Amino acid sequence: MARLRPLTLEEAAPTLPVAVADAVRAAGKLSLPAGIQAYCPPVLEASRMLNAMPARSGTLPAELRSLVCLRAAYLVGCVF
């Protein structure tokens, strides 16, 4: 359980980067990590760009990239 209450879409909407706002419109809600990171929009934008880099590199097939990300999250104890 997060110590911070994630912001709702309505609370975070004015501060969300445009690309994240587009993703939210497609999904219909703000994810838990994004809701917490929305307290600091530069952190949210940096996280979004960091998460996009493995896909942009084009060095791994999508299936393997997903498995690598899942394993890395498991190793660092990521609850998300």
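Rules and cut-offs
- Residues numbered from 1 in each chain as written.
- Predicted model: local features only at pLDDT ≥ 70, side-chain atom pairs only at ≥ 80, totals over all residues.
- Heavy atoms only, no water.
- Helix = DSSP H or I, 4+ residues; strand = E, 2+ residues; numbered from the N terminus.
- Buried < 20%, exposed > 50% of the residue type's maximum accessible area, 1.4 Å probe, protein only.
- Contact = heavy atoms within 4.5 Å.
- Areas by Shrake-Rupley, 256 points an atom, 1.4 Å probe, with all protein chains shown as cover.
- Lys, Arg positive; Asp, Glu negative; His and termini not counted.
- Charge placed at Lys NZ, Arg CZ, Asp CG, Glu CD.
- Expected span 1.5 Å × (residues − 1).
- Bend = angle between axes of the 7 residues up to and from the residue.
- pLDDT = per-residue confidence, 0-100.
- Core = buried A, V, L, I, M, F, W, Y, C linked by side-chain atoms within 4.5 Å.
- Salt bridge = Lys/Arg side-chain N within 4 Å of Asp/Glu carboxyl O.

### Here's the deal with the overall build of the protein chain
When you go through the protein chain residue by residue, the secondary structure sums to five helices and zero strands. In the protein chain, the succession of helices and strands from N to C terminus is α-α-α-α-α. Based on the C-alpha atoms only, the size of the protein chain along its principal axes is roughly 35 × 25 × 20 Å. Burial analysis of the protein chain (80 residues in total) assigns 19% to the buried set. Within the protein chain, contacts between residues at least 6 apart in sequence are counted, and of these 52% link residues at least 24 apart. Summed over its atoms, the accessible surface of the protein chain is roughly 6000 Å², and 67% of this surface lies on carbon and sulfur atoms. Of the side-chain charges in the protein chain, 8 are positive and 5 negative, and the distance between the mean point of each set is 7 Å.

### Some remarks on helix α4 (residues 41-57)
For α4, which comprises 17 residues, the first-to-last C-alpha distance of 24 Å matches the rise-based estimate of 24 Å (1.5 Å per residue) to within 8%. At Asn 51, α4 shows its maximal kink, close to 25 degrees; a proline, Pro 54, follows between one and four residues later. Just beyond α4, the residue with positive phi is Gly 58, at close to 70 degrees.

### A short note on the confidence of the model for the protein chain
Per-residue confidence for the protein chain gives a mean pLDDT of 82; residues scoring 70 or more make up 95%. Within the protein chain, no element has a lower average pLDDT than helix α2 (residues 18-27), which sits at 75, and none a higher one than helix α5 (residues 62-75), at 87.

### Description of the nonpolar core
Counting 10 residues, the largest nonpolar core consists of Leu 7, Ala 12, Leu 16, Val 20, Ala 21, Val 24, Leu 30, Ala 34, Ala 38 and Leu 44. At three residues, the largest contribution of residues to this core is made by α2. Apart from residues no more than four positions distant in its own chain, Leu 44 is found in contact with Leu 16, Pro 17, Val 20, Ala 34, Gln 37 and Ala 38.

### Focus: the pattern of salt bridges
Applying the stated criterion across every chain, the model contains two salt bridges. For Arg 5, the salt bridge is made with Glu 11, and the minimal N-O distance between the two is 3.0 Å. When the shortest N-O distance is used, the salt bridge between Glu 45 and Arg 48 registers 2.6 Å. Of this pair, Glu 45 and Arg 48 both sit in helix α4, three residues apart, roughly one helical turn. Among the residues examined, Arg 48 registers a relative accessible area of 27% and is labelled partly exposed.

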